[in-house]
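For reference, the chains in residue letters:
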Amino acid sequence: MVDFNERQFDADAQSGGDASQGMLSTSQPSLRKAKVTQNKEKLSKAEVKAKSLVTERASTISTAETSRRRRVSERAAERSRVPVAMADHVSTVDAIKLTDLDVEEYSEQEFDELLKMYDETLSDLKEGEIVRGTVMGVTRDDIIVDVGFKSEGIIPIVEFPEPITIKVGDKIDVYLESVEDQNGQLVLSKQKADFLRVWDNIRESHESGALVAGKLVRRIKGGIVVDLFGVEAFLPGSQIALRQVPNFDELIGKMMDLKIIKLNKNRRNIVVSRRVVLEDERDKMRSQLLKEIEIGQVREGTVKNITDFGVFIDLGGVDGLLHITDMSWGRISHPSEMVSLGDKINVKILDFAKETGRISLGLKQLTPYPWENIQEKYPVGKKIAGKVVSLTDYGAFIELEKGIEGLIHISEMSWTQHVKHPSKVMQSGDTVEAVVLSVDKENEKISLGIKQMEPDPWQTLDEKYPAGVRVKGRVRNLTTFGAFIELEEGIDGLVHISDMSWTKRIQHPSEVMKKGDQVDVVVLRVDKENRRISLGFKQLSEDPWPQLSRNYAVGAEALGTIIRILDRGVIVDLPGGVEGFVPSNQLGKSDMDKPADSFQINDEIPLQVFEFDQPGRKIVLSVDAYYRHRERAELDEYLAKHQTRALTIGDAVGDELSTPSASDEPPVQDETEQA
């Protein structure tokens with residue numbers, strides 16, 4: 001239905017119509033505009049607004065409304081019937097006189113009453129104030145609130161605390177930010193109203209440093225949101241506790257005493273701290289504890305932190321260090337073997353420095369000293385059983401009981417074997433039997449041995465291997481001075497290099513035997529005290545020197561083959577497998593500086609025995625003595641074979657480069673001893 005107003009018509013319709021007829025056709029209605037004075041325009045707007053307010057609120061206003069709203073409803077209902085009647089009339093009337101449009105609808109008195117009635121519906125509101133409003137509607141995203149103004153305000157539902165329990169008709173306090181935004185709407189805020197309502201309490205608590213109770217409601221980045229007096233405050237993660245909190249979610253829903261540490265009214269920013277409260281409590285407890293603490297006291301504490309070197313114990317505001325060496329009389333690898341974070345344990349005050357506040361604690365001191373009467377518990381010679389707790393290069397530590405450990409030195413692990421490392425005999429965690437060798441209470445040391453669990457085989461070894469007996473063994477190792485022969489497992493004997501040949505000067509044992517060879521040897525002697533067995537290889541055959549004394553008497557002649565050339569002579573191989581030595585001055589050449597200039601390996605030279613030393617087992621020979629009674633022609637022939645080479649520059653340089661230095665040459669015995 002079209003809503004007509006008798007005081008409003010379209011000006012264009014008036015100017016373009018037939019004035020004589022004074023009528024307008026109802027089949028071709030035109031748009032109408034108000035042609036009224038400034039006061040009439042104001043009245044028209046007031047009337048339209050009053051009817052709109054009555055229509056929109058009719059469903060929510062009860063019969064108990066004030067007389068003002070009742071009058072507005074009655075007047076609006078009366079006015080609403082006018083357009084309906086007029087519409088019905090228009091449908092049966094062909095035209096309206098233009099003079100009828102000038103008839104006033106309201107008298108001056110009615111106009112003033114209507115304007116006054118509309119003004120009474122509006123509250124005297126000012127921006128920046130907290131006003132009381134009524135909830136007119138609740139949607140999924142917004143809350144519609146009437147504060148008695150010409151329009152309602154819309155507040156986002158996120159400004160209301162969860163869970164959302166607000167409903168239509170509830171009275172709430174809101175903050176009026178602006179009476180009109182770009183859409184002509186009131187701008188209201190629930191959060192700002194809540195903030196301003198409790199601002200004085202918050203400011204006073206901040207200035208006085210008083211504690212405030214807050215509820216931790218939800219977690220956000222960097223901390224937790226706290227409900228404080230109905231408004232939100234921020235609790236940073238670093239201010240929740242004295243130590244880092246691993247899981248913030250465990251704190252949600254808890255009530256805590258907090259202290260306000262930062263305020264910004266314009267930004268409505270409130271920062272609170274739990275850590276400051278805890279620090280104050282800790283300082284008070286610390287001061288009280290420092291007055292009461294004394295060396296020797298036993299106090300209960302809480303394990304606060306665990307490190308590789310010990311445990312920090314919270315004694316109630318003051319931390320003390322329980323070093324790993326004071327945790328147990330026995331051996332532990334890490335403090336976590338005995339305690340865990342949060343454990344409550346009793347500890348003893350070992351030391352306390354009032355100047356620095358450092359406290360040393362002890363746990364093992366609460367139990368008896370285990371080394372008391374240790375000599376009676378573990379006398380020398382007693383057989384015991386213990387657990388291997390540690391292995392080192394020099395031995396193994398055996399735990400006899402909690403706090404009592406003994407050492408099995410590597411030399412006490414086997415009578416016969418040369419143990420290179422304890423792990424070859426035992427492993428950590430093994431249970432072994434041993435014999436107590438010595439006890440040192442002052443230094444808390446016990447020496448143990450496992451080889452003593454069996455008889456010493458060296459005590460009867462001379463009976464098993466008497467001197468002169470021929471045995472078979474394996475060449476286990478070769479050295480520059482001899483060869484070690486394994487007679488049985490763990491029993492080795494030494495064949496010295498001087499006992500490898502009767503007639504030859506052996507430079508290295510490898511000239512006679514190789515590692516791993518099975519060889520026959522003769523036992524020469526057994527030294528039980530020093531645990532040594534001397535063996536011989538040349539003793540497998542008879543000593544040839546008594547017979548050689550007859551074959552190579554002084555003056556005897558022989559043909560020798562050069563096998564080694566020395567600076568002071570040559571070594572020759574003589575018939576019968578014996579070696580002899582020919583000095584340089586006995587080689588028959590007076591113009592020779594070095595034997596290598598005139599002789600070579602495998603050269604055969606005639607010789608005469610110059611000296612025979614049977615005890616020293618050497619034969620010295622001479623070329624000069626051989627040719628002394630020979631023809632000159634034979635000597636010339638010999639000299640022709642062994643002419644001295646002319647020394648060239650190349651030879652000199654070559655000799656210089658090839659000749660080893662004195663430090664490189666092996667020590668040479670007297671040439672006469674080489675025979």
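Each remark here, short or long, concerns the structure printed above.
Conventions used here
- Residues numbered from 1 in each chain as written.
- Predicted model: local features only at pLDDT ≥ 70, side-chain atom pairs only at ≥ 80, totals over all residues.
- Heavy atoms only, no water.
- Helix = DSSP H or I, 4+ residues; strand = E, 2+ residues; numbered from the N terminus.
- Buried < 20%, exposed > 50% of the residue type's maximum accessible area, 1.4 Å probe, protein only.
- Contact = heavy atoms within 4.5 Å.
- Areas by Shrake-Rupley, 256 points an atom, 1.4 Å probe, with all protein chains shown as cover.
- Salt bridge = Lys/Arg side-chain N within 4 Å of Asp/Glu carboxyl O.
- Pairing = 2+ DSSP bridges.
- 1 Å grid on protein atoms, 1.4 Å probe; cavity = no way out; pocket = protein on both sides within 12 Å on 5 of 7 lines; lining within 4 Å.
- Points joined across faces, edges and corners; volume = space filled by probe spheres on them.
- Core = buried A, V, L, I, M, F, W, Y, C linked by side-chain atoms within 4.5 Å.
- Axes fitted to C-alpha atoms, helices over the stretch in contact; angles between N-to-C directions.
- Phe/Tyr/Trp six-rings, centres within 6.5 Å; stacked < 30°, edge-to-face > 60°.
- Lys NZ or Arg CZ within 6 Å of the ring centre and 35° of its normal.
- Expected span 1.5 Å × (residues − 1).
- Arc of directions from axis to C-beta.

Notes on the overall build of the chain
Phase 1 of the analysis: What the chain contains, in helices and strands, is 12 helices and 32 strands.
Phase 2 of the analysis: Per-residue burial over the chain gives 37% buried out of 675 residues.
Phase 3 of the analysis: Counting contacts in the chain only where the partners sit at least 6 residues apart, residues at least 24 apart contribute 61% of the total.
Phase 4 of the analysis: Entry remark: accessible area of the chain is about 39900 Å², with carbon and sulfur atoms responsible for 48%.

A few points about the pattern of salt bridges
Note that side chains of opposite charge can pair when their charged atoms are close.
Phase 1 of the analysis: Within this structure, the stated rule accounts for 24 salt bridges.
Phase 2 of the analysis: The partner of R275 in a salt bridge is E279, with the nearest N and O atoms 3.1 Å apart. Taken together, the residues span about one helical turn, with R275 and E279 both in helix α6 (residues 275-292) at a distance of four residues.
Phase 3 of the analysis: Here E279 falls in the partly exposed class, since its relative accessible area comes to 26%.
Phase 4 of the analysis: Two residues, K528 and D462, come together in a salt bridge whose shortest N-O distance is 3.7 Å. Linking K528 in the loop between β26 (518-527) and β27 (532-536) with D462 in helix α8 (residues 461-464), this pair joins segments that are 66 residues apart in sequence.
Phase 5 of the analysis: Each of the salt bridges in this network shares a partner with another, and the network as a whole consists of R470, K472 and D520.

A short note on the pairing of strand β10 (residues 231-236)
Phase 1 of the analysis: Bridging between strand β9 (residues 223-228) and β10 involves six bridges; their strand directions are antiparallel. Among the inter-strand pairings, V226 is bridged to a residue of β10, identified as A233.

Notes on the layout of surface pockets
Phase 1 of the analysis: Here the second largest pocket defines a volume of roughly 1100 Å³.
Phase 2 of the analysis: Along its surface, the second largest pocket is lined by 34 residues, and T416, H418, R476, G490 and D492 are the ones closest to its centre.
Phase 3 of the analysis: Looking at the lining of the second largest pocket, the elements that each hand over two or more residues are β24 (482-488), β25 (491-496), β26 and β27.
Phase 4 of the analysis: Of the residues forming the lining of the second largest pocket, the biggest block, five residues, is contributed by β25.

Some words on the nonpolar core
Phase 1 of the analysis: The biggest cluster of nonpolar side chains holds 25 residues, and the ones touching the most others in it are Y552, V572, L574, I605 and I619.
Phase 2 of the analysis: Taken together, the elements giving at least two residues each to this core come down to α9 (545-551), β28 (557-566), β29 (569-574), β30 (578-583), β31 (604-613), β32 (618-622), α10 (623-627) and α11 (632-641).
Phase 3 of the analysis: If you tally residues by element for this core, the top one is β31, at four residues.
Phase 4 of the analysis: Ignoring anything within four residues of it in the chain, the contact list for V572 reads G560, T561, I562, I563, V578, E579, G580, V582, I605, L607 and L621.

So, the sheet that holds strand β23 (residues 470-479)
Phase 1 of the analysis: The strand order around the closed barrel built from five strands is β23-β24-β25-β27-β26, with neighbouring strands paired in mixed fashion. Sheet twist, expressed as the average angle between the axes of neighbouring strands with direction ignored, equals 50°.
Phase 2 of the analysis: In the sheet, β25 pairs with β27 via two bridges, with the strands oriented parallel. Each bridged residue has a counterpart across the sheet, and for L494 the counterpart in β27 is S534.

Section: the environment of I398
Phase 1 of the analysis: Its place among the elements puts I398 in strand β19 (residues 395-401).
Phase 2 of the analysis: Of the residues examined, I398 reaches a relative accessible area of 0% and is grouped as buried.
Phase 3 of the analysis: Residues I398 and G386 lie 12 residues apart in sequence; the distance between their C-alpha atoms is 5.6 Å.

A few points about the packing of aromatic side chains
Phase 1 of the analysis: This structure, assessed with the given rule, holds eight aromatic pairs.
Phase 2 of the analysis: A ring pair is formed by Y627 and Y638, whose centres lie 5.2 Å apart and whose planes are at 40°; its orientation type is tilted. Taken as a pair, Y627 in helix α10 and Y638 in helix α11 lie far apart in primary sequence, 11 residues in all. Taken individually, Y627 and Y638 each receive the classification buried, so the pair is uniform in this respect.
Phase 3 of the analysis: Members of the aromatic cluster, connected to one another through ring pairs, are F599, Y626, Y627 and Y638.
Phase 4 of the analysis: A cation sits over an aromatic face here: R630 above Y626, 4.2 Å from the ring centre.

Digging into the sheet that holds β19
Phase 1 of the analysis: Strand order around the closed barrel formed by five strands is β18-β19-β20-β22-β21, with mixed pairing between neighbours. Taken pair by pair, the neighbouring strands of this sheet meet at an average axis angle of 50°, ignoring direction.
Phase 2 of the analysis: The pairing of strand β18 (residues 383-391) with β19 spans four bridges and is antiparallel. Its bridge partner lying in β19, V388 is registered against I398.

Overview of unusual backbone geometry
Phase 1 of the analysis: Non-glycine residue E444 carries a positive phi angle of around 55°.
Phase 2 of the analysis: Following the sequence through the fold, E444 ends up in the loop between β21 (431-440) and β22 (445-449).
Phase 3 of the analysis: Assessed through its relative accessible area of 36%, E444 is described here as partly exposed.
Phase 4 of the analysis: Of note, the phi angle at N602 is positive, near 80°, even though the residue is not glycine.
Phase 5 of the analysis: One can find N602 in the loop between β30 and β31.
Phase 6 of the analysis: Residue class for N602 comes out exposed when judged on its relative accessible area of 58%.

A closer look at α6
Phase 1 of the analysis: The first and last C-alpha atoms of α6 sit 25 Å apart over 18 residues, in line with the 26 Å expected at 1.5 Å per residue.
Phase 2 of the analysis: Taken together, the buried positions of α6 are occupied by V277, L278 and L289. Buried residues of α6 fall within an arc of 95° about the axis and therefore sit on the same side. Exposed side of α6, more than 90 degrees from the buried face: K284 and K291 are the residues found there.
Phase 3 of the analysis: Check the buried side of α6 and you find it contacts β11 (255-264), β12 (269-273) and β13 (298-306).

Just geometry here; none of it tells us what the structure is for.
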